[in-house]
Amino acid sequence: MKFDTPATTNPIDQLKVVGQPLDRVDGPLKTSGTAPYAYERHDVVANQAYGYVVGAAIAKGRITGMALDAARAAPGVITIVTAETAGKLDKGKRNAATLFGGPEVEHYHQAVALVVAESFEQARAAAQLVQVDYAKAEGAYDLAAAKQAGVEPSEGSPDQKVGDFEAAFAAAPVQFDRTYTTPDQSHAMMEPHASIAAWEGDKVTVWTSNQMVDWATTDLAQTLGLPKEQVRIVSPYIGGGFGGKLFLRADTLLAALGARAAKRPVKVALTRPMMANNTTHRPATIQRIRFGAGRDGKLTAIAHESWSGNLPGGEPEDAIQQSRLLYAGANRLTGNRLATLDLPEGNAMRAPGETPGLMALEIAMDEMAEQLGLDPIEFRVRNDTQVDPANPDRPFSQRQLIECLRQGAERFGWDKRATKPGSRREGRWLVGIGVAAGFRNSMSMPSGARVRLDAAGVVTVETDMTDIGTGSYTIIAQTAAEMMGVGMDKVVVRLGDSSFPVSAGSGGQWGANSSTAGVYAACVKLREAVAQKLGFNSADTAFADGQVRAGNRSAPLGQAAGEGGLVAEDTIEYGDLAKQYQQSTFAGHFVEVAVDAATGEVRVRRMLAVCAAGRILNPKSARSQVIGAMTMGVGGALMEELAVDKRHGFFVNHDLATYEVPVHADIPHQEVVFLEEADATSSPMKAKGVGELGLCGVGAAVANAIHNATGLRVREYPITLDKLLDRLPDAA
Amino acid sequence: MSHVSFTVNGERRQLDIDTRTTLLDALREHLHLTGSKKGCDHGQCGACTALVNGRRINTCLSLAVMHEGDEVTTIEGLGKPGDLHPMQAAFVKHDGYQCGYCTPGQICSSVAVLKEIEAGIPSHVSADLNAKPGVTAEEIRERMSGNICRCGAYSNIVEAISEVAGSQA
């Protein structure tokens, strides 16, 4: 189905099932420990051996020798695979560094060997006996030092100039110029990357944990030099991804290579301490923001420049993209600079670009409002735009940012905010509230699905779409139930298998809208097939309560299927509506913090997000996406930072005790409000996405609340207490 | 290799097992009870939490051979689809999970937390070490902080636990 004109009324608009806050269908499995994750598939293939990954102990250089005899002779060892023994390997187009290093080493903890043994304990012990000699090379590990050598990236967003920023900035009565930094961050999903591989002749099946089944299939085939048809990827349950499982990673490749060498199935999981350096991370940024404004509080000049680093072939962290669209202003300058760093590969982490971009931009907006003597919400309202500022003929399809902010202000008690920072005190606590705008574009991806109808009236959906905790199983079931007029108990959803039609996958908050639109398209075809089978006129056929009705004729849905069943398959594809309209999602994020006046300890006391994100397919699971993202936003604001060893080139705090993420005690009760919306330009579902929107802006809202509480500005994330301590009123 | 016998979810189990095998791997790899999850394998995340003799432990930090004669209850022993434990049902109702990987540990931990509070065991946030702690949101958050949920379902988890405890979050 080609979606190239705005949606009109369709069966989804009934909202009998779609739009309802239903419990997620995977709940009973997940809460009883019976949902099978990648490393647990004892059921799929017998005689699994255990692979243990050896990671490079240097960041850059060459392997000069590997002594494997002691490991080979260790109890239980079946085989050891290295790049030398693995045969010729290509590289998937989505990987910057190769997944199996040697002799060249491109980053610390790059996999350099896989030890395969009868048991996990034997593989782990033998892996310690692998002796690798290295010739270290000089590398660049310090973004601040490499920054000057940054170049305009060849891929991603080129520089954008609108009007004449320099002249407008120079002429502006009120000027602002500040620099902010965000650190490297780790996805730190709870399930480590894991795969089980089994070969049958020259075909390999991998049970794994991957957000994008088709990307993994394509890139594993390319890396192994196999036709894609000989690779099957299965990923029905994923223990968190956040972008860290978008791509083919070492566990999958090494399980396949290990199984080929061992001539039996092999399972591989990355150990927790390998994850931060072996896999990808969100790259650090240095961001300079300049504003020029009139005394009326209207921006006349906006510049946002960002520097980040990556391995050769890697892309920049696109921290400037929201600054092209979020506020009005006639004269604009935005651009990225990319430096070469020899740290592990940087790549997408939840809301790449906007997350660090808004962490900077939305502090800057707070600072500029203060400089202008304006309320931060009023300042944002004055600079709202309903069109793409670089192309006024291109409107937003929907944009309720002001309503998000106004409604949030009312619900959160914004009128009680102390206008003088540092002036509200409760005992030892300095209390403040902060706001930030949330913004994330709504992207659409082609997405396919197959729907089967059987004689019992059961509808089975098959698509390689994944559920990474987002609720895909549930909203896809809701879509099929709505379209076919059956209850949720008559829908079966099967996901995450490359033998199913290729879907949008889970990334970029496009999954919900795109994958359900694909299911919609397939169901439209199935409805036509049902009507035809029953001899009904398809145009006026209604599907409800398990019955198919046309005029005064009626039949049970299952009757159309007959004994042979009916199958329909389709893919949603898009025209140029996304070019005609800017499709984005918006939020107002509100945070209250208390800062210990003596120690600088920050406690988040209240949080609210008001979101405008198109039709909400399931308010319960959508709310969970937003509160989870808000939690990650607190982490980014207050604690998350991969500490770089600038001498040896690696992330030092590569486990969950030292890379701190929020725990229960850090997070208060959270409130989420969704504004009523249905975006007819987005898809037949009229939905967008919320999983990333919920994170965008949260960090700055926390930072702005800390400023309101203490009067102190911190422009280097995370805002740890050492950055507040010497300036606090009660500090000795 | 060493012999060990213990009870898992009411069933007597005997294993001849590598002395290096953790209780977690004995459950997951040998008994195929994969509900207990391996998130970090060194006691930092809580995904492997199960109940041993009624108390919660990180099963990754304990060797299987140390549990001769012990009674182990895993998430599979609390309830099954169609016959969920009240805590499991409350997690579904309040959407107190997303990816589901930390969830068995969260649920085992929360069942034990309510017993610990009932038994009068104080926590870091208990105002009076000699008084019986209340089932407050603050007590629950403190006691659950060894169970990381990167998806960030905390607000919903506390509501699920509070409902089972019969109190308000």
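Residues numbered from 1 in each chain as written. Chains lettered and ligands numbered in written order. Predicted model: local features only at pLDDT ≥ 70, side-chain atom pairs only at ≥ 80, totals over all residues. Heavy atoms only, no water.

Some details on the side chain of H589 of chain A
Our working definition: Only runs of H or I of at least four residues qualify as helices and only runs of E of at least two qualify as strands under DSSP, and these elements are numbered from the N terminus. A 3.5 Å cut-off defines polar contacts: any pair of N or O atoms within that distance qualifies, except that in protein one atom must be a possible hydrogen donor and the other a possible acceptor, and neighbouring residues in sequence count only when both atoms are side-chain atoms.
Relative to the helices and strands, H589 of chain A resides in strand β28 (residues 584–596). Looking at H589 of chain A, its side chain comes within polar contact range of the main-chain oxygen of C696 of chain A, at 3.2 Å.

Some thoughts on the UniProt feature "domain: Aldehyde oxidase/xanthine dehydrogenase a/b hammerhead" (unreviewed entry) in chain A
We apply this condition: UniProt positions are given in the numbering used here, feature names are shortened, and annotations may be inferred rather than shown by experiment.
Taken from the UniProt record, the annotation "domain: Aldehyde oxidase/xanthine dehydrogenase a/b hammerhead" (unreviewed entry) applies to residues 32–138 of chain A. Structurally, residues 32–138 of chain A comprises 11% helix and 33% strand, and the distance from its first C-alpha atom to its last is 50 Å.

A word on the pairing of strand β16 (residues 331–340) of chain A
Residue and element names in this part refer to chain A. Condition: Accessibility here uses a 1.4 Å probe with only protein chains present; expressed as a share of the type maximum, an area under 20% marks a residue as buried, one over 50% as exposed, and anything in between as partly exposed. We treat two strands as partners when DSSP finds at least two bridges between them.
Within β16, 8 of the 10 residues are buried, which leaves the element mostly enclosed by the surrounding structure. Where strand β8 (residues 160–162) meets β16, 3 bridges bridge the pair, whose relative direction is antiparallel. When the bridges of β16 are listed, Q160 appears paired with T334. Across 10 bridges, strand β15 (residues 299–310) lies against β16 in parallel orientation. Note that in β16 the partner of A303 across the bridge is L333.

Looking at the interface of chain A and chain B
Filter applied, for reference: Every residue pair with non-hydrogen atoms within 4.5 Å of one another is taken to be in contact. In short, buried area is how much 1.4 Å probe accessible area vanishes from two parts on joining, totalled over both. Following the grouping adopted for this structure description, the nonpolar residues are Ala, Val, Leu, Ile, Met, Phe, Trp, Tyr, Cys and Pro, the charged ones are Asp, Glu, Lys and Arg, and the polar ones are all others, Gly among them.
With 62 residues of chain A at the interface, the matching set in chain B holds 55 residues. Surface buried jointly by chain A and chain B totals about 4500 Å² across both partners, of which 55% is contributed by carbon and sulfur atoms. Considering only the surface of chain A that becomes buried against chain B, T31, M190 and H664 of chain A emerge as the three largest contributors, covering 20% of it. Where chain A meets chain B, there are 35 residue pairs in polar contact (both at pLDDT 80 or more). Looking at the side of chain A that touches chain B, the elements that each hand over two or more residues are α1 (27–31), α3 (120–127), α8 (272–278) and α16 (619–638) of chain A. Looking at which element gives the most residues to the side of chain A that touches chain B, the answer is α16 of chain A, with 9 residues. Residue classes in the side of chain A that touches chain B are distributed as 28 nonpolar, 20 polar and 14 charged.

Details of the packing of aromatic side chains
Formally: Aromatic rings from Phe, Tyr and Trp, taking only the six-membered ring of Trp, are treated as a pair when their centres fall within 6.5 Å; an angle between ring planes under 30 degrees marks them as stacked, one over 60 as edge-to-face, and anything in between as tilted. Criterion for a charge above a ring: Arg CZ or Lys NZ at most 6 Å from the ring centre, at most 35 degrees from the ring normal.
Inspection of the entire model under this criterion finds 13 aromatic pairs over all chains. A ring pair is formed by Y37 of chain A and Y237 of chain A, whose centres lie 6.1 Å apart and whose planes are at 55 degrees; its orientation type is tilted. A residue pair is termed long-range when its members are at least 10 positions apart, and Y37 of chain A in the loop between α1 and β2 (49–55) and Y237 of chain A in the loop between β12 (231–234) and α7 (250–262) qualify at 200 residues. Exposure remark for Y237 of chain A: the relative accessible area of 9% places this residue in the buried category. Taken together, a centroid distance of 5.9 Å and an interplanar angle of 80 degrees make the contact between W414 of chain A and F590 of chain A edge-to-face. On the criterion of sequence distance, the pair formed by W414 of chain A in the loop between α11 (401–412) and β19 (425–426) and F590 of chain A in strand β28 is long-range, its members being 176 residues apart. Clustering of aromatic rings is evident, with ring pairs tying together Y37, Y237 and Y473 of chain A together with Y101 of chain B. Here K147 of chain A stacks its cationic end above the ring of W307 of chain A, 4.3 Å away from the centre of that ring. The positively charged end of R606 of chain A is found above the aromatic ring belonging to F412 of chain A, 3.9 Å away from the centroid.

Considerations on the domain arrangement of chain B
Residue and element names in this part refer to chain B. Quick reminder of the rule: In this entry, domain limits derive from an automatic or database-based domain assignment. The term salt bridge refers to a side-chain nitrogen of Lys or Arg lying within 4 Å of a carboxyl oxygen of Asp or Glu.
For chain B, the assigned domains read domain 1 (2–78) and domain 2 (86–165). Taken residue by residue, the interface counts 17 residues in domain 1 and 17 residues in domain 2. Of the roughly 1400 Å² buried between domain 1 and domain 2 on both sides combined, carbon and sulfur atoms contribute 57%. Residues E116 and R56 are paired through a salt bridge, measuring 2.9 Å at the closest nitrogen-oxygen approach. Here domain 1 and domain 2 share 8 residue pairs in polar contact (both at pLDDT 80 or more) between them.

Brief notes about helix α13 (residues 511–534) of chain A
Residues and elements named next belong to chain A. Put simply, the test is: An expected span of 1.5 Å times one less than the residue number is assigned to each helix.
With 24 residues, α13 should cover 34 Å at 1.5 Å per step; its first-to-last C-alpha distance of 34 Å lies within 8% of that length. Among the 24 residues of α13, 17 are classified as buried, and the element is accordingly described as predominantly covered. Two residues or fewer after α13 comes G535, characterised by a positive phi angle close to 75 degrees.

Re the pattern of salt bridges
Residue and element names in this part refer to chain A. Inspection of the entire model under this criterion finds 56 salt bridges over all chains. Notably, a salt bridge pairs E426 with R605, separated by 3.1 Å at the nearest N-O pair. Taken together, the residues E426 in strand β19 and R605 in strand β29 (residues 602–612) connect sequence positions 179 residues apart. Put simply, R603 and D666 hold a salt bridge, and the shortest N to O gap is 3.9 Å.

Section: the side chain of N618 of chain A
Residue and element names in this part refer to chain A. With respect to the secondary-structure elements, N618 resides in the loop between β29 and α16. For N618, a relative accessible area of 1% gives the class buried. Among the polar contacts made by the side chain of N618, one reaches the main-chain amide nitrogen of K620 at a distance of 2.9 Å. Those residues in contact with N618 that lie beyond four places of it in its chain are Q20, P21, L22, T474, I475 and Q478.

Topic: the packing of helix α3 (residues 86–93) of chain B against helix α4 (residues 103–118) of chain B
All names here are of chain B. The following threshold applies: A fitted line through C-alpha atoms represents every axis, and for helices the fit uses only the stretch in contact; the resulting angles, taken between N-to-C directions, go from 0 to 180 degrees. Roughly parallel here means an angle under 35 degrees, roughly antiparallel means over 145, roughly perpendicular means 65 to 115, and every remaining angle is called oblique. Note on convention: near helix rotated counterclockwise from far helix by under a right angle means a left-handed crossing. Clockwise means right-handed.
The geometry of α3 relative to α4 is characterised by a closest axis approach of 10 Å and an angle of 125 degrees between their N-to-C directions. In this view, α3 runs oblique relative to α4, as classed from their interaxial angle. Crossing handedness for the pair α3 and α4: right-handed. Where α3 abuts α4, its residues M87, Q88 and F91 lie against T103, Q106, I107, S110, V111 and L114. The residue makeup of the contact of α3 with α4, split by class, is 5 nonpolar, 4 polar and no charged.

Considering the nonpolar core
Residue and element names in this part refer to chain A. Here is the rule we go by: Take the buried Ala, Val, Leu, Ile, Met, Phe, Trp, Tyr and Cys residues and link them wherever side-chain atoms come within 4.5 Å; each set so joined is a nonpolar core.
Ranked by size, the top nonpolar core spans 228 residues in total, and within it F291, M484, V530, V593 and L638 carry the most contacts. With 10 residues, helix α9 (residues 354–372) is the largest single contributor of residues to this core. If we ignore the near neighbours within four places in the chain, the residues touching V530 are L453, M484, F543, V548, L557, A560 and L566. If you look at the next biggest cluster of nonpolar residues, it comprises 25 residues, including Y52, A74, V112 and A113.

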